[in-house]
Amino acid sequence: MCLLAIFHRVVDRAPLLVAANREEFFDRPFLPPHVQGDRTRFLAGVDVRAGGTWLGVNERGMMAAVTNRPKIALPDQPRSRGLLCRELLEQPSVAIAREFIRRELTTGAYAGANFVVADARDGILVEAGDELSISWLVPGLHLITNGPANSPLDPRQLLAREMFAATPPYDVPSFLTAARRVCSQGPDAIGRSIVLRRAARGTVSSTLLALTIEPQEAVCEFAAGSPDVTPYEDYSHELRKLLITA
């Protein structure tokens, strides 16, 4: 179960702020964020086994991310949801990505998933469990795990929302401080936890993104492990170079 926290058009100079924890099998290899792509360049990590990604941002300042979710009617050989996320990063706009993913998901070739595609102006939330729903993001905080987005019944979403509400971001530094605290949060007094650790799988990485009005102020930080024990490394230079030279 991954967690995505997205502030869309909340902070004036940073209209897209993202905090994401990825949960996977501990023995599933991945590569940290790096610039890739031919037709459209993007910065993203890579799932070595399937070749896709769980989160990235392209040279146009458009972010795409995916979380898994249950689905009853599964295809015999589902296509990688991470590959679809990677293909979203190659689209030239949110509107075009919206039509692209609608066509892809109506083929029935994928297991259940949630997707978010967003830039400084527009954003979509794609909920593709047993039914397909695509909605436009309204300004505010959006929380996505492995079920319905912005759910009042999801304990992790509730915990993250409470923690962000206690210290709402007003600029990039305040967001980063709050996001690091949220993403590294272990069990609280009633057992809710952002970081997950189970026998074979759990939190394997964390990404913080700030896409700003001025490309030279954009931020990307990545922890190649659970962020409560693994420090974030700064990939902002790669992101800024990608956005400035586009």
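In case you missed it, the structure is sitting above this.
Residues numbered from 1 in each chain as written. Predicted model: local features only at pLDDT ≥ 70, side-chain atom pairs only at ≥ 80, totals over all residues. Heavy atoms only, no water.

Peer 1: Help me understand the overall build of the protein, please; the structure alone is not making it clear to me.
Peer 2: Helices and strands together make up the secondary structure of the protein, namely 5 helices and 13 strands. For the protein, the C-alpha radius of gyration of 16 Å lies close to 18 Å, the compact-globule estimate for 246 residues. Each principal axis of the C-alpha atoms in the protein carries an extent, and together these give about 45 × 45 × 35 Å. For the protein, with 246 residues in total, the buried portion stands at 54%. Taking as baseline every contact in the protein between residues at least 6 positions apart, the subset at least 24 positions apart corresponds to 58%. For the protein, the computed accessible surface area is about 10,900 Å², with 54% contributed by carbon and sulfur atoms. Mean positive and mean negative side-chain charge positions of the protein (27 and 28 charges, respectively) differ by 2 Å. (Helix = DSSP H or I, 4+ residues; strand = E, 2+ residues; numbered from the N terminus. Rg over C-alpha atoms; globule rule 2.2 N^0.38 Å. Buried < 20%, exposed > 50% of the residue type's maximum accessible area, 1.4 Å probe, protein only. Contact = heavy atoms within 4.5 Å. Areas by Shrake-Rupley, 256 points an atom, 1.4 Å probe, with all protein chains shown as cover. Lys, Arg positive; Asp, Glu negative; His and termini not counted. Charge placed at Lys NZ, Arg CZ, Asp CG, Glu CD.)

Peer 1: Explanation requested: the packing of helix 1 (residues 81-88) against helix 2 (residues 94-105) in the structure shown.
Peer 2: Contact geometry for helix 1 and helix 2: axes closest at 10 Å, N-to-C directions at 155°. By the angle class used here, helix 1 and helix 2 are roughly antiparallel. The two elements helix 1 and helix 2 meet at a crossing, and its hand is right-handed. From helix 1, Leu84, Glu87 and Leu88 reach across to helix 2, where they touch Ala97, Phe100, Ile101, Glu104 and Leu105. Across the contact of helix 1 with helix 2, the residue classes break down as 6 nonpolar, no polar and 2 charged. (Axes fitted to C-alpha atoms, helices over the stretch in contact; angles between N-to-C directions. Parallel < 35°, antiparallel > 145°, perpendicular 65-115°, else oblique. Left-handed = near helix turned anticlockwise from the far one by under 90°. Nonpolar A, V, L, I, M, F, W, Y, C, P; charged D, E, K, R; others polar.)

Peer 1: Looking at this structure, I do not really get the sheet that holds strand 4 (residues 42-47). What am I missing?
Peer 2: Two orientations exist for strands paired in a sheet by backbone hydrogen bonds: parallel and antiparallel. With antiparallel pairing, the 7 strands of this open sheet are ordered in space as 3-4-5-6-7-8-9. In this open sheet, the two strands that pair with only one neighbour each are strand 3 (30-36) and strand 9 (132-136). For this sheet, the mean angle separating the axes of adjacent strands, direction not counted, is 15°. Pairing of strand 6 (residues 63-68) with strand 7 (residues 113-118) involves 6 bridges; the strand directions are antiparallel. Each residue of the ladder has a partner; that of Asn68, found in strand 7, is Ala113. (Pairing = 2+ DSSP bridges.)

Peer 1: I tried to follow unusual backbone geometry on my own but got confused; where do I start?
Peer 2: Phi is positive for Arg9, which is not a glycine, with a value near 60°. Looking at the element boundaries, Arg9 is found in strand 1 (residues 3-11). Phi is positive for Asn150, close to 50°, though the residue is something other than glycine. Along the chain, Asn150 falls in the loop between strand 10 (140-144) and helix 3 (155-166).

Peer 1: When you look at the sheet that holds strand 13 (residues 233-234) in this model, what are you seeing that I'm missing?
Peer 2: Read across the sheet, 6 strands follow the order 10-1-2-11-12-13 without closing on themselves; strand pairing throughout is antiparallel. The sheet is open, and its two edges are formed by strand 10 and strand 13, each paired on a single side. Across 7 bridges, the pairing between strand 1 and strand 2 (residues 14-25) is antiparallel. Counterpart to Val11 in the pairing with strand 2 is Ala14.

Peer 1: What is the right way to read helix 1 from this model?
Peer 2: Along an α-helix, residues three or four positions apart point the same way, because every turn accommodates 3.6 residues. Those residues of helix 1 that fall on the buried side of the exposure criterion are Gly82, Leu84, Cys85, Glu87 and Leu88. Packing partners of the buried residues in helix 1 comprise strand 5 (55-58), strand 6, helix 2 and strand 7. Between the side-chain oxygen of the N-cap and the backbone nitrogen of Gly82 there are 3.1 Å, and the N-cap of helix 1 in question is Ser80. (Polar contact = N/O pair within 3.5 Å; in protein donor to acceptor, adjacent residues only side chain to side chain.)

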